[in-house]
Amino acid sequence: MEVVDGPAPGHPEIYRVVADNPGPMTLTGTNTWLFGSDPCWVIDPGPDDSRHLAAVGEAIEERGGAAGALLTHSHNDHSGGCGRLGVDLAPVTDGRRFGRLTAVATPGHAIDHFCFFSDDGVCFSGDLILGWGSTYVPPDGGSLAAYIDSLRLVESLGPDLICPGHGPFVTDPAARISEYREHREARERGLIIALDRGERSRMALLDEVWSDVPGQLRPAAAVVMESHLQKLEAEGLLPPDLGE
Ligand SMILES: [Zn+2]
């Protein structure tokens, strides 16, 4: 699917600028979003990349300047360009309004993660929900239990369109969110089945439950597995004798 600079489907008030930082975690690169005009809000300025920041600056000019910049979370691929963009970062708290946007706390991928909802049902989801694939939930700073609660919260708000932090627009949010939840639940079920059978090796658990993950994403999968194990431990479902 093509991911290029331009307006959102059915929403000319939303404009995307894609950063040139593609990768296994950033997909086609970080999406920087401009919302509204005269002035616009900048959601995730993106990485500290001169060409990207110039493109964002130009798009801001075309929209009559910026009211401020909002961060879905502080990871560098979303926030690195903040300083050089020359737009003030607005402090974000749960429920706070920014023009026609409302901040919603959605921890999980990062402890400081927020989504922004427009009054007409568009969700800027940061790294909570991506354009494709599943998102990364690190055990340090993130929390799988919080992540799943955040998915449920966004699901309950019923967005019509998701503008993610990476990758293409999500035009079927309800289906995508339940797919995300089912994906996590399937991994958890896989772990519980293997643990019940007596498997105690982390390596073997990873091989079995994340067998579909390509080699380059294996280290990330190992970290995600730790998040799952932490969740099971908190729920009293983790055997004490787990090994490497
Ligand atoms: Zn990201």
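Thresholds applied
Residues numbered from 1 in each chain as written. Predicted model: local features only at pLDDT ≥ 70, side-chain atom pairs only at ≥ 80, totals over all residues. Heavy atoms only, no water. Donors = N, O, S within 2.8 Å, 3.2 Å for Na, K, Ca; no water. Tetrahedral: all angles 85-135°; square planar, octahedral: opposite > 155°, others 65-115°. Helix = DSSP H or I, 4+ residues; strand = E, 2+ residues; numbered from the N terminus. Buried < 20%, exposed > 50% of the residue type's maximum accessible area, 1.4 Å probe, protein only. Lys, Arg positive; Asp, Glu negative; His and termini not counted. Salt bridge = Lys/Arg side-chain N within 4 Å of Asp/Glu carboxyl O. Polar contact = N/O pair within 3.5 Å; in protein donor to acceptor, adjacent residues only side chain to side chain. Contact = heavy atoms within 4.5 Å. Pairing = 2+ DSSP bridges. Domains from an automatic or database assignment. Buried area = accessible area lost by both parts, 1.4 Å probe. Axes fitted to C-alpha atoms, helices over the stretch in contact; angles between N-to-C directions.

### Here we look at the coordination of the zinc ion
- Every protein donor of the zinc ion is listed here as Asp77 (OD), His78 (NE2), Asp127 (OD) and His166 (NE2), and their distances to the metal cover 2.0 to 2.4 Å.
- Relative to the metal, the four donor atoms surrounding the zinc ion lie at angles of 86 to 159°, and the coordination shape comes out irregular.
- Summarised as a motif, the one-chain spacing of the donors to the zinc ion is D-H-x48-D-x38-H. Remark: Asp127 occurs in the loop between strand 9 (122-126) and helix 4 (144-157) and Asp77 occurs in helix 2 (residues 76-79); sequence separation between them is 50 residues.

### Comments concerning the side chain of Arg63
- Tracing the backbone shows Arg63 in the loop between helix 1 (50-62) and strand 5 (66-70).
- The buried charged residue Arg63 lacks any salt bridge, with Glu62 as its nearest oppositely charged partner at 6.4 Å.
- Reaching out from Arg63, the side chain makes a polar contact with the backbone oxygen of Pro12 at a distance of 3.1 Å.
- A distance of 3.1 Å separates a polar atom in the side chain of Arg63 from the backbone oxygen of Gly36.
- Setting aside chain neighbours within four positions, we find Arg63 in contact with Pro12, Glu13, Ile14, Tyr15, Leu34, Gly36, Ser37, Asp38, Pro39 and Cys40.

### Description of the pairing of strand 10 (residues 161-164)
- By the alternation rule, side chains of strand 10 split into Leu161 and Cys163 and Ile162 and Pro164, which are all buried.
- Judged from the four bridges that link them, strand 9 and strand 10 form a sheet pairing that is parallel. Bridge pairing in strand 10 places Phe124 opposite Cys163.

### Notes on the domain arrangement of the chain
- The domain architecture assigned to the chain consists of domain 1 (6-181) and domain 2 (182-234).
- Taking the mean C-alpha position of each, domain 1 and domain 2 sit 28 Å from one another.
- Counting from both sides, the interface comprises 17 residues of domain 1 and, opposite them, 14 residues of domain 2.
- Counting each side, the surface lost to burial between domain 1 and domain 2 is near 1400 Å², with a carbon and sulfur contribution of 60%.

### Regarding the sheet that holds strand 5
- One open sheet holds the five strands; their spatial order is 1-2-3-4-5, and the pairing between them is mixed. The strands lining the two open edges of the sheet, one partner per strand, are strand 1 (6-8) and strand 5. Ignoring which end each strand starts from, the neighbouring axes of this sheet average 30° apart.
- Strand direction decides the pairing type here: strand 4 (residues 40-43) and strand 5, joined by four bridges, are parallel. Looking at the pairing, Val42 lines up with Ala69 of strand 5.
- Helix 1 contacts strand 2 (11-18), strand 3 (31-35), strand 4 and strand 5 of the sheet and is inclined by roughly 160° relative to strand 2.

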